[in-house]
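# Chain and residue survey
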Amino acid sequence: MSISRHDQPPVLQTVRPPDPAPAWTAAPAEPVTWITSPLAVAVPLMAVDIAAFGDPMRDGDAQAHLRRTLYEHLAESFALTQVPWQECYLEDRGDGAVIVAPAQVDPAYLLDPFAHHMTALLRRSNRLASRAGRLRLRVAVHTGRVRHDGRGLLGHDLIHLFRMLEAAAFKRALDACDADMGMIVSDPLYADTRARGGLFNPDAYRPLELRHKRTRTRGWLWLPPAFRPAG
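These remarks concern the structure in this document. (Residues numbered from 1 in each chain as written. Predicted model: local features only at pLDDT ≥ 70, side-chain atom pairs only at ≥ 80, totals over all residues. Heavy atoms only, no water.)

Even without being glycine, Ala52 reaches a positive phi, approximately 55°. Inspection of the secondary structure puts Ala52 in the loop between β1 (43–50) and α1 (60–81). The residue Gln82 is not glycine, and still its phi comes out positive at about 65°. Looking at the secondary structure, you find Gln82 in the loop between α1 and β2 (89–92). (Helix = DSSP H or I, 4+ residues; strand = E, 2+ residues; numbered from the N terminus.)

See below:
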């Protein structure tokens, strides 16, 4: 007796679920509407750079690992800080990123709360990391007005942000210690946050004179408590 096709037992197939979206997916490819024209109000600005990203010991796999870890930590630390990561504008810079938070975000949140959360995440992921895989960050925080011209961000406040990030004094301060992260805060943002009080701890910062290209300014250096310089 023949068995018809309909009488045969079903063939079990293994269906691979689609890969989940990366946890660090942030701004859409198209510029968000609130940043396509000159902003009427200042917004929180953050620039992040992976220290020694181009070191010869780091091949393509190591650099990909560092970038992936960076964005995962940014998304998680923003969530812990209660800053809406999905509402921020993100622009990748190869060895780092620039992030613009919506105007309703208090820029003070990107200081102590964010710094402590990011440091904790770095300590956890770096604990068993190799020398090539250890992620160390320089972070600069400022507020100002920026715009998007369809290709990327521009504005004098953005230039000031990156001048702080690239200042030799800031790089030396992080190189002089073994901290996973160092943060530099602009003088106006530090002064405003200190004047408002709240949970901000001004003693966790020390002044640092910054020079890069034509910029001469004072920033405020934050390092993890174990690496905070005396005085």
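What follows is about the nonpolar core. If you look at the biggest cluster of nonpolar residues, it comprises 38 residues, and the most contacted ones within it are Leu74, Phe78, Met183 and Tyr205. Of all the secondary structure elements, the ones that give two or more residues to this core are β1, α1, β3 (96–100), α2 (112–126), β4 (137–144), β7 (181–186), α5 (187–196) and β9 (215–222). Per element, the largest residue contribution to this core is six residues, and it comes from α1. For Phe78, the residues in contact, after removing those within four places along its chain, are Met46, Val83, Trp85, Cys88, Ile99, Leu110 and Phe114. Ile35, Leu165, Leu208 and Leu210 belong to the second-largest nonpolar core, a separate cluster that totals 29 residues. (Core = buried A, V, L, I, M, F, W, Y, C linked by side-chain atoms within 4.5 Å. Buried < 20%, exposed > 50% of the residue type's maximum accessible area, 1.4 Å probe, protein only. Contact = heavy atoms within 4.5 Å.)

This part covers the packing of aromatic side chains. Going through the model one piece at a time under the given rule, you end up with six aromatic pairs. Ring centres of Tyr190 and Trp220 lie 3.8 Å apart, and the angle between their planes is 10°; on these two criteria the pair is classed as stacked. Of this pair, Tyr190 sits in helix α5 while Trp220 sits in strand β9; the two residues are 30 residues apart in sequence, bridging distant segments of the chain. An aromatic cluster of three or more residues is present, and its members are Tyr190, Phe200, Tyr205 and Trp220. (Phe/Tyr/Trp six-rings, centres within 6.5 Å; stacked < 30°, edge-to-face > 60°.)

Another aspect to go through is the environment of Leu221. Here Leu221 is to be found in strand β9. Classification of Leu221 by relative accessible area gives buried; the value is 2%. Separated by 37 residues in the primary sequence, Leu221 and Ile184 have C-alpha atoms spaced 4.6 Å apart. For Leu221, the contacting residues outside a window of four places in its chain are Phe170, Ala173, Met183, Ile184, Ala204, Tyr205, Arg206 and Leu208.

Here we take up the pattern of salt bridges. Under the defined criterion, the tally for this structure stands at 10 salt bridges. The salt bridge partner of Asp178 is Arg134, with a shortest N-O separation of 2.9 Å. Highlighted residues: Asp178 in the loop between α4 (168–175) and β7 and Arg134 in the loop between α2 and β4, separated in sequence by 44 residues. For the salt bridge of Arg196 with Asp192, the shortest nitrogen-to-oxygen distance reads 3.2 Å. With a gap of four residues between them, Arg196 and Asp192 both fall in helix α5, about one helical turn apart. Among the ionic contacts, a cluster of salt bridges with common partners joins Asp106, Asp192 and Arg196. (Salt bridge = Lys/Arg side-chain N within 4 Å of Asp/Glu carboxyl O.)

Everything listed here is a matter of geometry and, on its own, says nothing about what the molecule does.
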